[in-house]
Amino acid sequence: HFAVAAAPLLKGRRILVTSGPTHEPIDPVRYIANRSSGKQGHAIAAAARAAGAEVVLVSGPVEVADPRGVRVVRVESARAMMAAVEENLPVDAAVFAAAVADWRVADAAEQKIKKDAGGAPALHLVENPDILATVSRHHTLRPRLVVGFAAETETVVAHAQAKRARKGCDWIVANDVSPATGIMGGDSNTVHLVTAAGVEDWPSATKGEVARHLVARIAAELSGGAA
Ligand code: CTP
Ligand code: CA
């Protein structure tokens, strides 16, 4: 029998994905980071490429391999991620899977901070730009579909609905990172898709399966709505 290959659903579309953590410097040898592995964002970029899209992956520092056929722009800080995202607009859809650091050190030291009689240094933190909210509210270059993620440990859906409204994005993939389900860095994910139409509870699945399902939903949306 013939194996029937699925038609590329995103042929001719440009998709941007952010992935991984950001690193915010304290001094030249130290940084603030988080536990994001980049597995989910990279899987989405790979799935979008497999569906025929031209994909730009803006990634913070991760161990996972670059997906094949995807243009990867590597960054460290949230501000560098913001700049790389803006440089790669316009796109048809953007998926913000990165765990962007909320704060950075206001005045990162230019030399390694030394222990001295002054005691432990205090870090003065300032808020980073919100990449998802900025792109969602872009006057001229807003993608047709803007998808955010929300990693939550409690009241997952309610937090995600509030986040969707606050950020101005179209969809939020609410990611349950409570220890009982999707421990950050693991290979599976339990998500809820929050849209204007309501909430879908997706079954617990591998990050690859979640990625393929999300990409199929994005393709359906870009080609006019109904799947
Ligand atoms: N995000 C972003 N830029 C930031 C912070 C977050 O683009 N500076 C994006 C993330 O990539 C994700 C979404 O916003 O798609 C939600 O991130 P999250 O950390 O859950 O939301 P916050 O608004 O930072 O709220 P909090 O961390 O307080 O829950
Ligand atoms: Ca945050």
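Residue indices follow the written sequence of each chain, beginning from 1 at its first position. Here chains are named by letter from A upward and ligands by number from 1 upward, in the order in which they appear as written. pLDDT decides what is reported in this predicted model: residues at 70 or higher carry local features, side-chain atom pairs at 80 or more are listed and counted, and totals for whole chains, interfaces and linings draw on all residues regardless. The basis for the side-chain values is all heavy atoms of the structure; hydrogens and waters are excluded.

In the nomenclature of an unreviewed UniProt entry, the chain corresponds to Coenzyme A biosynthesis bifunctional protein CoaBC from the organism Xanthobacter dioxanivorans.

S.K.: Could you clarify how one ought to interpret the pattern of salt bridges in this entry?
M.R.: Opposite charge on two side chains permits them to pair, given that their charged atoms come into close proximity. Throughout this description, the term salt bridge denotes a Lys or Arg side-chain nitrogen within 4 Å of a carboxyl oxygen of Asp or Glu. Inspection of every chain in the model, using the stated rule, returns seven salt bridges. With a shortest N-O distance of 2.4 Å, Arg74 and Asp66 are connected by a salt bridge. Overall, the relative accessible area of 56% leaves Arg74 in the exposed class. Burial classes follow relative accessibility: with a 1.4 Å probe on protein chains only, a residue under 20% of its type's maximum area counts as buried, one over 50% as exposed, and anything between as partly exposed. On the basis of relative accessibility, which here comes to 39%, the residue Asp66 falls in the partly exposed class.

S.K.: Would you mind going over the environment of Ala46 with me for this structure?
M.R.: In this structure, Ala46 sits in helix H1 (residues 39-50). You can call Ala46 partly exposed: its relative accessible area is 33%. A sequence separation of 100 residues divides Ala46 from Val146, and the C-alpha atoms of the two residues are 18 Å apart. A run of H or I in DSSP counts as a helix once it spans at least four residues, and a run of E counts as a strand once it spans at least two, with each numbered from the N terminus.

S.K.: Explain the site of ligand 1 to me, please; I cannot follow it from the model alone.
M.R.: A single heavy atom is enough: if one lies within 4 Å of a molecule or strand, its residue is considered near that molecule or strand. Around ligand 1, the structure places 15 residues, and the nearest of them are Phe96, Ala98, Pro129, Lys163 and Lys167. Any pair of nitrogen or oxygen atoms within 3.5 Å is treated as a polar contact; in protein, a donor-acceptor pairing is required on top of that, and neighbouring residues in sequence qualify only through side-chain atoms on both sides. With respect to ligand 1, the backbone of Ala98 contributes an N or O atom lying 2.6 Å from an oxygen atom. Contact between ligand 1 and Leu132: an oxygen atom at 2.8 Å from a main-chain N or O atom of the residue. All accessibility values rest on the Shrake-Rupley procedure with a 1.4 Å probe; residue burial counts only the protein chains present in the view. Protein contact buries 77% of the 570 Å² of open area that ligand 1 shows by itself. Sorting the residues of the shell around ligand 1 by element identifies helix H3 (131-136), strand S9 (145-152) and helix H4 (156-167) as the ones contributing at least two each. In terms of residues, the shell around ligand 1 owes the most to one element, S9, which gives four residues.

S.K.: What's the story with the UniProt feature "binding site: CTP" (unreviewed entry) in the chain in this structure? I'm lost.
M.R.: UniProt positions are given in the numbering used here, feature names are shortened, and annotations may be inferred rather than shown by experiment. UniProt records the feature "binding site: CTP" (unreviewed entry) for Asp102, Lys112, Pro129, Asp130, Ile131, Leu132, Phe149, Lys163 and Lys167 in the present numbering. The greatest C-alpha distance among the annotated residues, which extend across 66 residues, is 37.4 Å, indicating that they are dispersed rather than converging on a single site. Along the polypeptide, Asp102 turns up in the loop between strand S6 (93-96) and strand S7 (103-105). In this structure Asp102 comes out as partly exposed when scored by relative accessible area, which is 49%. Whether two residues are in contact is decided by their heavy atoms: any pair within 4.5 Å suffices. Leave out the neighbours within four places in its chain, and Asp102 touches Val126, Glu127 and Asn128. Along the polypeptide, Phe149 turns up in strand S9. In this structure Phe149 touches Gln40, Ile44, Val95, Phe96, Ala97, Ile172, Val173, Asn175 and Leu214, once residues within four positions along its chain are discounted.

S.K.: Even after reading the chapter, I still don't get the packing of aromatic side chains, so can you show me in this structure?
M.R.: Each aromatic ring pair is characterised by the separation of its centres together with the angle its planes make. Aromatic rings from Phe, Tyr and Trp, taking only the six-membered ring of Trp, are treated as a pair when their centres fall within 6.5 Å; an angle between ring planes under 30 degrees marks them as stacked, one over 60 as edge-to-face, and anything in between as tilted. The tally for this structure, following the rule as stated, stands at zero aromatic pairs. Look at NZ for Lys and CZ for Arg. If either is within 6 Å of the ring centre and within 35 degrees of the ring normal, a charge sits over the ring. Directly above the aromatic system of Trp171 lies the positively charged group of Arg217, at a separation of 5.5 Å from the ring centroid.

S.K.: Can you walk me through a nonpolar patch on the surface in this structure?
M.R.: Two distance rules govern patches: like charges are joined within 9 Å, and nonpolar side chains (Val, Leu, Ile, Met, Phe, Trp, Tyr) within 5 Å, applied only to residues with over 30% relative accessible area and no salt bridge. Taken together, the side chains of Trp103, Leu123 and Leu125 present a nonpolar region at the surface, about 290 Å² in accessible area. The residue Leu125 is located in strand S8 (residues 125-127) in this model. Overall, Leu125 belongs to the partly exposed group, its relative accessible area being 39%.

S.K.: Just to check I follow, could you spell out the sheet that holds S6 for this structure?
M.R.: Hydrogen bonds along the backbone pair up the strands of a sheet, which may run parallel or antiparallel. When DSSP locates at least two bridges between a pair of strands, those strands are taken to pair. Read from one edge to the other, the open sheet built from eight strands follows the order S5-S4-S1-S6-S9-S10-S12-S13, with strand pairing classed as mixed. Looking at strand neighbours, the two that pair on one side only are strand S5 (71-74) and strand S13 (198-201), the edges of this open sheet. Averaged over neighbouring strand pairs, the angle between their axes works out to 15° when direction is ignored. For S9 and strand S10 (residues 171-176), the ladder comprises six bridges, and the chain directions are parallel. Pairing of Glu152 across the sheet is with Asp176, part of S10. Helix axes are fitted to C-alpha atoms over the stretch in contact, other axes to C-alpha atoms as well, and angles between N-to-C directions run from 0 to 180 degrees.

S.K.: I keep staring at the pairing of S9 and nothing clicks. Help me out?
M.R.: On any regular strand, side chains alternate: one points to one face of the sheet, the next to the other face. With respect to burial, S9 is a largely interior element, seven of its eight residues being buried. Between the parallel elements S9 and S10, the chain passes through H4 in a crossover that is right-handed. With the strands aimed away from the viewer, a crossover counts as right-handed if its path from the first strand over the helix to the second runs clockwise.

S.K.: Mind showing me how you'd approach H4 here?
M.R.: What sets the pattern is the α-helix's 3.6 residues per turn: residues three or four places apart point alike. Multiplying one less than the number of residues by 1.5 Å gives the expected span of a helix. Taking 1.5 Å per residue, twelve residues should reach 16 Å; H4 reaches 16 Å between its end C-alpha atoms and fits that length. The set of residues buried in H4 consists of Val156, Ala160, Lys163 and Lys167. For H4, the buried positions fall inside an angular range of 60° around the axis, keeping them on one side. Residues of H4 that are exposed and point over 90 degrees away from its buried face: Ala165 and Arg166. The inward-facing, buried residues of H4 abut H3, S9, S10 and strand S12 (191-195). Just beyond H4, the residue with positive phi is Gly168, at close to 80°. For this quantity, the arc is that covered by the directions from the helix axis to the C-beta atoms.

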